[in-house]
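Coordinate inspection notes
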Amino acid sequence: MHKLLARQLKKSFGKNCDFNTFSDELDGLFESISDAYEDYDHDRKILELTLEKNSYELTTANRLISDQNDSLIHQLKTLSRSRAFLTRLIDSVHMFIVTSNANLEVITVNKKFSGSLNKTYHHFLDIFPENDLTEKFRGELQSLLSNKLEVIHNDMELKDSLNNVLYISWSHTLVEDEQGNPIILSIGSDLTKRKEAEDALHWLAHHDPLTLIGNRRSFQYSLQHMLSSNSQGALVFIDVNHFKQINDFYGHSVGDLVLINIANALKKVTRSNDVISRLSGDEFTVILCRVNSEVISLVLDKLVTALNSHIILEDGSKLEYSVSIGVSLFPEHAHQQEQLIINADLAMYKAKKKGLGRWHLFSPETDDFSSLQTDNLQMRSIKNALEENRYQLNYQPILKLQDKTISHYEALIRQIDENGNLVYPGSFIPAAERMGLIQDIDEWVLEHVLKCLARELPSRPELVITVNISAPTLQEGDLPRLLVKLLEKYQVPCNHLIIELTETAYIDNFEEVLRNLTEIDALGVRIALDDFGVGFSSFSYLKRMPLSYVKLDGSYVKTLLQSHEDQVFVESLSNMVQAFGMKTIAEFVGDQATCNRLLELGVTYGQGYFIGKPQPYLATIDEVRKNIGMCEQ
Ligand code: C2E
Ligand code: MG
Ligand code: MG
């Protein structure tokens, strides 16, 4: 019997009731009730189990939903972060990024785009300037939208907010937005800086950065173009006279100023279709268009007047400079570039020979082409030797005839040719004087003599060296200023240097020479007059020049013993020189007898092979005494 039924029966019939005493009918009833109780128990248990199961499932489902919720929130956060990152990325790249829809309406632009252009665009094509390529671009965009094209590349110029031109290289591709709509993604690289650098390189390749006019390359290109198009014109070669001296005396910044001045003057006096260029250091060219032999002289006069000019130096003084101009006409004088250049170059040398600040028009009939070419070659060889430092100094001792001591040494230049052979000054000094290169040579010698003095003076404190200086150097350059500079540079006291004035035939501005000599004398540098008695040397020079020595020309000395006239001349000259407070030096002393006679005639110093030949070193007194047969003393 079911426990609950038994308990209820005991409650109803008393604790001690005996179920076995119930009738069969009651037994059967109680059995059925007990079964019903059992069934109820069973059903309840099943219900409880079902409830329990359902509650578990509910909890699980709840947890699942909550988890899903969390993950959704996380995903949303990640999505918004990556969207912000993408926006930042797009905004921070140095590229123009634009998106537009299929109707070509602008959807987004990045910061670089909006910041640079500072303008709002609604229609995509408004971004790009309307030009010949706009129609083509429009067509390409339709092809892109219809997937016929994968990408469009195009380079466009845009104006930024400050109206500067930007060079942008664009790529346009098709992408989809979240809803799957077609979007044109346009990415533009800003090539402005690269383009500017390329332009600068191109400019530099064709221009001279100092004067801002064309360079050799652009000159050659323009000339070739003119010649091949059968144009008529003139090639003008311009060389600045004594430019090296200007640079050396006044410094490179002054030299640069002269070049800039010349270029500016050229710009002013030429027409816009003439081509002006600077070929190298001090060489300029002008290609004059459509000029002929009738008008050329007018143009050249104008050029010379404009180019022979001056600049004002920092100390307020005036530095005058001049040019020499050579001209060759085309096609009259040559059809080929090389020949035309040679002609103009030769004409320029001819102009230099005429004097400073002149022009010369090449003339095939009258210009002695071969002599011009020889001069040209010689000029090149002198210039090359200077550039390559292929010069050497020899020193010849000058003896005091009275006590047989060395008074000083004369520095004599030798050129070393390409094969290492010595070339004597007679072969190149006259050419250098004619062609305006003597100043360069004299300057080279001065610098090297002062170097030698600075080196030798500590061990030979009495050392004095005389340097040959040609008259053109005194006439055209600023020798006093150069001397001050060099004496200071090498820390050499001025009394160790003597300037020997040679080639007085070239003096055509005596006052200028005198002014410079007076300044040199005031510095304390002594002056000698070379080769007196021949050529153009005049007695008035003795009277007016501040001289310490007069060098008697060798032609009087060589034949002295045989010629009574020469002896009379030497004696009277010595007397006069002494009366002016100067001393006489005799060159070409060949023997002892000449030495003795010179002394009797009042000559103070002697120089010659008998005393000592020019040597690349400073001969000692012992060596000199040995030469003159005094080694036993
Ligand atoms: P100069 O200044 O009258 O120099 C004397 C020349 O005579 C030198 O010739 C010298 O070597 C030569 N000589 C000296 N004693 C004798 C001798 O006893 N017999 C012979 N036969 N010759 C003798 P060099 O060196 O050939 O110079 C020739 C000229 O070239 C010089 O004449 C001078 O006018 C010029 N020169 C030389 N060096 C320079 C220089 O550095 N600058 C300049 N501007 N001219 C120079
Ligand atoms: Mg001399
Ligand atoms: Mg001499």
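Everything numeric in this text was worked out from a predicted model, so none of it was measured.

Things to note about the packing of aromatic side chains
- All told, the structure shown has 12 aromatic pairs when counted by the stated rule.
- Between the aromatic rings of Y549 and Y605, the centroid separation amounts to 5.7 Å while the plane-to-plane angle is 70°, which identifies the pairing as edge-to-face. Of this pair, Y549 sits in strand 19 (residues 549-552) while Y605 sits in strand 21 (residues 605-606), and the two are 56 residues apart along the sequence.
- Between Y556 and F569, the aromatic rings sit 4.3 Å apart at their centres with planes inclined by 15°, giving stacked as the arrangement. Taken as a pair, Y556 in helix 18 (residues 554-558) and F569 in helix 19 (residues 564-579) lie far apart in primary sequence, 13 residues in all.
- An aromatic cluster is built from F96, F113, Y121, F124, F128, F137 and W170, whose rings are joined through pairwise contacts.

A closer look at the sheet that holds strand 5 (residues 182-190)
- Reading across from one edge, 2-1-5-4-3 is the order of the 5 strands in this open sheet, with antiparallel pairing throughout. The open sheet terminates on both sides in strands that have one partner only, identified here as strand 2 (106-109) and strand 3 (151-159). When the angles between neighbouring strand axes are averaged without regard to direction, this sheet yields 25°.
- Pairing between strand 3 and strand 4 (residues 165-176): 9 bridges, direction antiparallel. If you follow H153 over to strand 4, its bridge partner there is S171.
- Its contacts with the sheet place helix 4 (residues 134-145) against strand 3, strand 4 and strand 5, and it is angled at close to 140° to strand 3.

Regarding the nonpolar core
- Within the largest apolar cluster, 131 residues are counted, with the highest numbers of intra-cluster contacts made by I325, I441, L446, L497 and M545.
- Take this core: its biggest share by element is 9 residues, from helix 13 (residues 438-456).
- Each of domain 3 (207-367) and domain 4 (391-632) contributes no fewer than three residues to this core.
- Dropping the residues within four chain positions of it, M545 is found in contact with L501, I507, F510, V513, L514, L517, L529 and M582.
- The next biggest cluster of nonpolar side chains, apart from the first, holds 22 residues, and it includes Y121, L145, I152 and I184.

Description of the packing of helix 6 (residues 216-228) against helix 10 (residues 337-354)
- At their nearest, the axes of helix 6 and helix 10 sit 10 Å apart, and the two run at 115° to each other. Classified by the angle between their axes, helix 6 and helix 10 sit roughly perpendicular to one another. Seen along the crossing, helix 6 lies across helix 10 with a hand that is right-handed. The segment helix 6 lies against helix 10, with F219, Q220, L223, Q224 and L227 engaging Q337, L340 and I341.
- Across the contact of helix 6 with helix 10, the residue classes break down as 5 nonpolar, 3 polar and no charged.

Here's the deal with the environment of S328
- Inspection of the secondary structure assignment puts S328 in strand 11 (residues 323-330).
- Sequence separation between S328 and H360 is 32 residues, and the spatial gap between their C-alpha atoms is 9.0 Å.
- The contacts of S328, once residues within four sequence positions are left out, are A234, L235, H333, L340, N343, A344 and F362.

Some thoughts on the domain arrangement of the chain
- Domain annotation for the chain reports domain 1 (3-84), domain 2 (93-195), domain 3 (207-367) and domain 4 (391-632).
- Computed from C-alpha atoms alone, the centre-to-centre distance between domain 1 and domain 2 is 72 Å.

Thoughts on helix 10
- Between the first and last C-alpha of helix 10 there are 26 Å, a value that for 18 residues agrees with the 26 Å anticipated at 1.5 Å per step.
- Considered for burial, the residues of helix 10 that qualify are Q337, L340, N343, A344, D345, L346, A347, M348, Y349, A351 and K352.

A word on the coordination of the magnesium ion (ligand 3)
- D530 (OD), D531 (OD) and E587 (OE) make up the full set of protein donors to the magnesium ion (ligand 3), lying at 1.7 to 2.4 Å.
- Taken in chain order, the donor set of the magnesium ion (ligand 3) reads D-D-x55-E.
- Between the magnesium ion (ligand 3) and the magnesium ion (ligand 2) the interatomic distance amounts to 3.9 Å, and D530 serves as a bridging ligand to the pair.

What to know about the pairing of strand 13 (residues 391-400)
- A large share of strand 13 lies buried, amounting to 8 of its 10 residues.
- What sits between the antiparallel neighbours strand 13 and strand 14 (residues 405-416) is a turn of 4 residues, in which K404 has the positive phi angle 55°.
- Two elements, strand 13 and strand 21, share 2 bridges in a ladder whose sense is antiparallel. Opposite L399, over in strand 21, you have G606 as the bridge partner.

Thoughts on the site of ligand 1
- In the neighbourhood of ligand 1, 21 residues make up the surrounding shell, with R414, D442, N468, D530 and Y609 lying closest.
- One nitrogen or oxygen atom from the main chain of I413 is found 3.1 Å from a nitrogen atom belonging to ligand 1.
- For ligand 1, an oxygen atom lies 3.1 Å from a polar atom in the side chain of D531.
- Of all the secondary structure elements, the ones that give two or more residues to the shell around ligand 1 are strand 14, helix 13, strand 16 (465-470), strand 17 (497-502) and strand 18 (526-532).
- Residue composition of the shell around ligand 1, grouped by class: 9 nonpolar, 5 polar and 7 charged.

Here's the deal with the packing of helix 15 (residues 479-490) against helix 16 (residues 510-523)
- Where helix 15 contacts helix 16, the axes come no closer than 8 Å and their chain directions differ by 25°. With respect to helix 16, the axis of helix 15 lies roughly parallel. Contacts between helix 15 and helix 16 involve L479, P480, L483 and V484 from the first element and N516, E519, I520 and L523 from the second.
- Tallied by class, the residues present in the contact of helix 15 with helix 16 amount to 6 nonpolar, 1 polar and 1 charged.

Here is what the cut-offs are and how they apply
- Every chain is numbered on its own, with residues counted from 1 as its sequence reads.
- The order in which chains are written sets their letters, starting at A; the order in which ligands are written sets their numbers, starting at 1.
- In view of the model being predicted, local features appear only for residues whose pLDDT reaches at least 70, and side-chain atom pairs are presented and counted only at 80 or more, with totals across whole chains, interfaces and linings using the full set of residues.
- Each side-chain value is derived from all of the structure's non-hydrogen atoms; neither hydrogens nor water enter the calculation.
- Between the rings of Phe, Tyr and Trp (Trp by its six-membered ring), a pair exists once the centres lie within 6.5 Å; its type follows the angle of the planes, with under 30 degrees stacked, over 60 edge-to-face, and the other angles tilted.
- Note on conventions: DSSP H or I runs of at least 4 residues are helices, E runs of at least 2 residues are strands, and numbering of each starts at the N terminus.
- Pairs of strands are assigned from DSSP output, requiring at least two bridges between the strands.
- Each axis is a line fitted through C-alpha atoms, and for a helix only the stretch in contact is used; angles between axes span 0 to 180 degrees, taken between their N-to-C directions.
- Note on contacts: a residue pair qualifies if any of its non-hydrogen atoms lie within 4.5 Å across the two residues.
- Among buried residues, those of type Ala, Val, Leu, Ile, Met, Phe, Trp, Tyr and Cys that are joined through side-chain atoms within 4.5 Å constitute a nonpolar core.
- Relative accessibility under 20% of the residue-type maximum defines a buried residue, over 50% an exposed one, and the middle range a partly exposed one, all with a 1.4 Å probe and only protein chains included.
- Per the annotation, domain bounds derive from an automatic or database assignment of domains.
- The cut-offs work like this: below 35 degrees is roughly parallel, past 145 is roughly antiparallel, 65 to 115 is roughly perpendicular, and the gaps in between are oblique.
- Put simply, a crossing is left-handed when the front helix is turned counterclockwise from the back one by less than a right angle, and right-handed when it is turned clockwise.
- When residue character is reported, Ala, Val, Leu, Ile, Met, Phe, Trp, Tyr, Cys and Pro are called nonpolar, Asp, Glu, Lys and Arg charged, and the others, Gly included, polar.
- A helix is expected to span 1.5 Å multiplied by its residue count minus one.
- Here the term donor refers to an N, O or S atom within 2.8 Å of the metal (or 3.2 Å for Na, K and Ca), and because water is left out of the atoms, sites may appear incomplete.
- For this purpose, a residue is taken to be near a molecule or strand whenever a single non-hydrogen atom of the residue falls within 4 Å of it.
- Polar contacts, as counted here, are pairs of nitrogen or oxygen atoms within 3.5 Å of one another; within protein the pair requires one atom able to donate a hydrogen and one able to accept it, and residues that are adjacent in sequence qualify only if both atoms are side-chain atoms.

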